There are 2 protein chains.
Amino acid sequence: MAEINKENTVEKCSEECVHGEIVEKVCSRIPDDEILYDVAELFKVFGDSTRVRIICALFESEMCVCDIAAVLNMTQSAISHQLRVLKQARLVKYRREGKTVYYSLADKHIQTIFNQAFEHIME
Amino acid sequence: MAEINKENTVEKCSEECVHGEIVEKVCSRIPDDEILYDVAELFKVFGDSTRVRIICALFESEMCVCDIAAVLNMTQSAISHQLRVLKQARLVKYRREGKTVYYSLADKHIQTIFNQAFEHIME
DNA sequence: TAAACATATGAACAATCATTCATATGAACA
DNA sequence: TGTTCATATGAATGATTGTTCATATGTTTA
């Protein structure tokens, strides 16, 4: 328990109110910070309405950058920047056909995650 | 199709490369912007490592604010601010017992969403 | 090879947000 | 009622990030 307050910034309540057993149990079971950081990074990608709209558009059909820009009524540059973010998160894949690049979703988990999110919203 | 480029900022490619049928189909099937905005707002709440750690801690056990602060090794104030965000998103609920306030998760969808996120990370 | 065009990217700016510090609130108990 | 203590909150600040504008890349076709 000593390492819980490393830097002597001990809260008043830490000696009175902390439930030692619970804190210890939770500390031992919670996933590593590194993993939780990655989870937050993934959700950060989902946490922008432009990217959400791109993903939902790609649920319907593979599309080129121009088509996505037309659907969202935004500039090609803005879409391209966001597709790069989605690509880096391995959420979309692409194929080139001449001058055109077609994007599609890369991960089967995305649909499940979004369905659950829709259900939470609707409650 | 006229309403797709409302403001005469027609991209060059919009007359050459836009695939009209696909754009029209996707436009008609994609959920309303209002809903997609709400979805993004929900994911924005998940998109912070402190909040992710709080949520994962609460997967293990109901806890008071002090306990959560001890588990995450952060100040009571920082935790309290984040719990307010989670409360506003209806992701946590609380019960008061004397001076202590116990928080727990409010929504069954959260676990499913996080499980899928873990699976995406692990791939 | 040169022009045309779909896409990508770098820099800059505005807006959003997590934490800190100080302080307020509200319940328990003397 | 007054003190103690767990929790909540307002203001300020530093950091992150989405979009725009200008330009670069790379493929096609004349």
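Refer to the structure above for everything that follows.
Not measured: the values here are computed from a predicted model.

S.K.: Can you explain the overall build of chain A? Please cite residues and give values.
M.R.: The secondary structure content of chain A amounts to 7 helices and 3 strands. Walking chain A from its N terminus toward its C terminus, one meets helices and strands in the order α-α-α-α-β-α-α-β-β-α. Looking at chain A alone, contacts between residues at least 24 apart form 47% of all its contacts between residues at least 6 apart.

S.K.: Tell me about the side chain of A:Ser104, residues and numbers included.
M.R.: Residues and elements named next belong to chain A. Here Ser104 lies in strand β3 (residues 100-105). For Ser104, a relative accessible area of 17% corresponds to the buried category. Filtering out sequence-adjacent residues up to four positions away, Ser104 remains in contact with Leu58, Glu62, Leu91, Val92 and Lys93.

S.K.: Go over the side chain of B:Ser61, please, and point to the residues and values.
M.R.: Along the chain, B:Ser61 falls in the loop between α4 (49-60) and β1 (63-64). For B:Ser61, the residues in contact, after removing those within four places along its chain, are A:Ile22, A:Lys25 and A:Val26.

S.K.: Before we move on, can you summarise the protein's contact with DNA strand D with the specific residues and values?
M.R.: Neighbouring DNA strand D are 29 residues, the closest being A:Thr50, A:Arg51, A:Gln82, B:Ser77 and B:Tyr103. Sugar and phosphate atoms form 67% of the subset of DNA strand D atoms that lie within 4 Å of the protein. A:Arg51 places a polar side-chain atom, nitrogen or oxygen, 2.8 Å from a phosphate oxygen of DNA strand D. B:Cys66 places a polar main-chain atom, nitrogen or oxygen, 3.1 Å from a phosphate oxygen of DNA strand D.

S.K.: Which residues make up the sheet that holds strand β2 (residues 92-97) of chain A, and what are the values?
M.R.: Each strand in a sheet pairs with its neighbour through backbone hydrogen bonds, running either in the same direction (parallel) or in the opposite one (antiparallel). Residues and elements named next belong to chain A. Taking strand neighbours across the sheet as the criterion, the 3 strands line up as β1-β3-β2 in an open arrangement whose pairing is antiparallel. Unpaired on one side and paired on the other, β1 (63-64) and β2 mark the two borders of the sheet. Across the face of the sheet, helix α4 (residues 49-60) comes into contact with β1, β2 and β3 while running at roughly 90° to β3.

S.K.: How would you summarise the protein's contact with DNA strand C if you had to cite specific residues and measurements?
M.R.: As a structural note, the neighbourhood of DNA strand C is formed by 29 residues, with A:Ser77, A:Tyr103, B:Thr50, B:Arg51 and B:Gln82 the closest of them. Near the protein, meaning within 4 Å, the atoms of DNA strand C are sugar or phosphate in a fraction of 67%, with bases accounting for the rest. Measuring from a base oxygen of DNA strand C, one finds a side-chain N or O atom of A:Ser77 at 2.8 Å. A distance of 2.5 Å is found between a phosphate oxygen of DNA strand C and a side-chain nitrogen or oxygen belonging to B:Thr50. Secondary structure elements with two or more residues in the surface near DNA strand C: α5 (65-72), α6 (76-88) and β3 of chain A together with α1 (13-16), α4 and α6 (76-88) of chain B. Top contributing element to the surface near DNA strand C by residue count: α6(A), with 5 residues.

S.K.: Account for the relation of the copies chain B and chain A, with residues named and values stated.
M.R.: For the pair chain B and chain A, the relating rotation is 180°, the translation along its axis is 0.0 Å, and the fit reaches an RMSD of 0.0 Å. Expressed as an axis order, the relation between the two copies is that of a two-fold axis. Here 100% of the contact residues of chain B are again contact residues in chain A; the copies associate through an equivalent surface.

S.K.: Any chance you could break down the pattern of salt bridges for me, citing the residues and the numbers?
M.R.: If you walk through the whole model with that rule in mind, you get 10 salt bridges over all chains. Note that A:Arg29 is salt-bridged to B:Glu60, the shortest N-O span being 3.7 Å. Here A:Arg29, found in helix α2 (residues 20-29), pairs with B:Glu60, found in helix α4, and the two come from separate chains. Under the relative-accessibility criterion, A:Arg29 is labelled exposed at 51%. Relative accessible area serves as the criterion here: at 24%, B:Glu60 is assigned to the partly exposed category.

S.K.: Help me get a handle on α4(B), residues and values and all.
M.R.: Spacing of three or four residues puts side chains on the same side of an α-helix, whose turn is 3.6 residues. Residues and elements named next belong to chain B. In this model, α4 (12 residues) spans 17 Å end to end at C-alpha, consistent with the 16 Å of a helix rising 1.5 Å per residue. Within α4, 9 of the 12 residues are buried, which leaves it mostly tucked inside the rest of the structure. Looking only at α4, the buried set comprises Thr50, Arg51, Val52, Arg53, Ile54, Ile55, Cys56, Ala57 and Leu58. Measuring from the backbone nitrogen of Thr50 back to the side-chain oxygen at the start of α4 gives 3.1 Å, which picks out Asp48 as the cap.

S.K.: An account of the packing of helix α3 (residues 33-46) of chain A against helix α3 (residues 33-46) of chain B is requested, with residue identities and associated values reported.
M.R.: Interhelical geometry of α3(A) versus α3(B) gives an angle of 160° and a closest axis separation of 7 Å. With respect to each other, α3(A) and α3(B) are oriented roughly antiparallel. Seen from above, α3(A) lies across α3(B) with left-handed handedness. Every residue of α3(B) that contacts α3(A) at A:Ala40, A:Phe43 and A:Phe46 is listed here: B:Ala40, B:Phe43 and B:Phe46. Across the contact of α3(A) with α3(B), the residue classes tally to 6 nonpolar, no polar and no charged.

Definitions and cut-offs
Residues numbered from 1 in each chain as written. Chains lettered and ligands numbered in written order. Predicted model: local features only at pLDDT ≥ 70, side-chain atom pairs only at ≥ 80, totals over all residues. Heavy atoms only, no water. Helix = DSSP H or I, 4+ residues; strand = E, 2+ residues; numbered from the N terminus. Contact = heavy atoms within 4.5 Å. Buried < 20%, exposed > 50% of the residue type's maximum accessible area, 1.4 Å probe, protein only. Near = heavy atom within 4 Å. Polar contact = N/O pair within 3.5 Å; in protein donor to acceptor, adjacent residues only side chain to side chain. Pairing = 2+ DSSP bridges. Axes fitted to C-alpha atoms, helices over the stretch in contact; angles between N-to-C directions. Least-squares fit on C-alpha atoms with pLDDT ≥ 70 in both. Salt bridge = Lys/Arg side-chain N within 4 Å of Asp/Glu carboxyl O. Expected span 1.5 Å × (residues − 1). Parallel < 35°, antiparallel > 145°, perpendicular 65-115°, else oblique. Left-handed = near helix turned anticlockwise from the far one by under 90°. Nonpolar A, V, L, I, M, F, W, Y, C, P; charged D, E, K, R; others polar.

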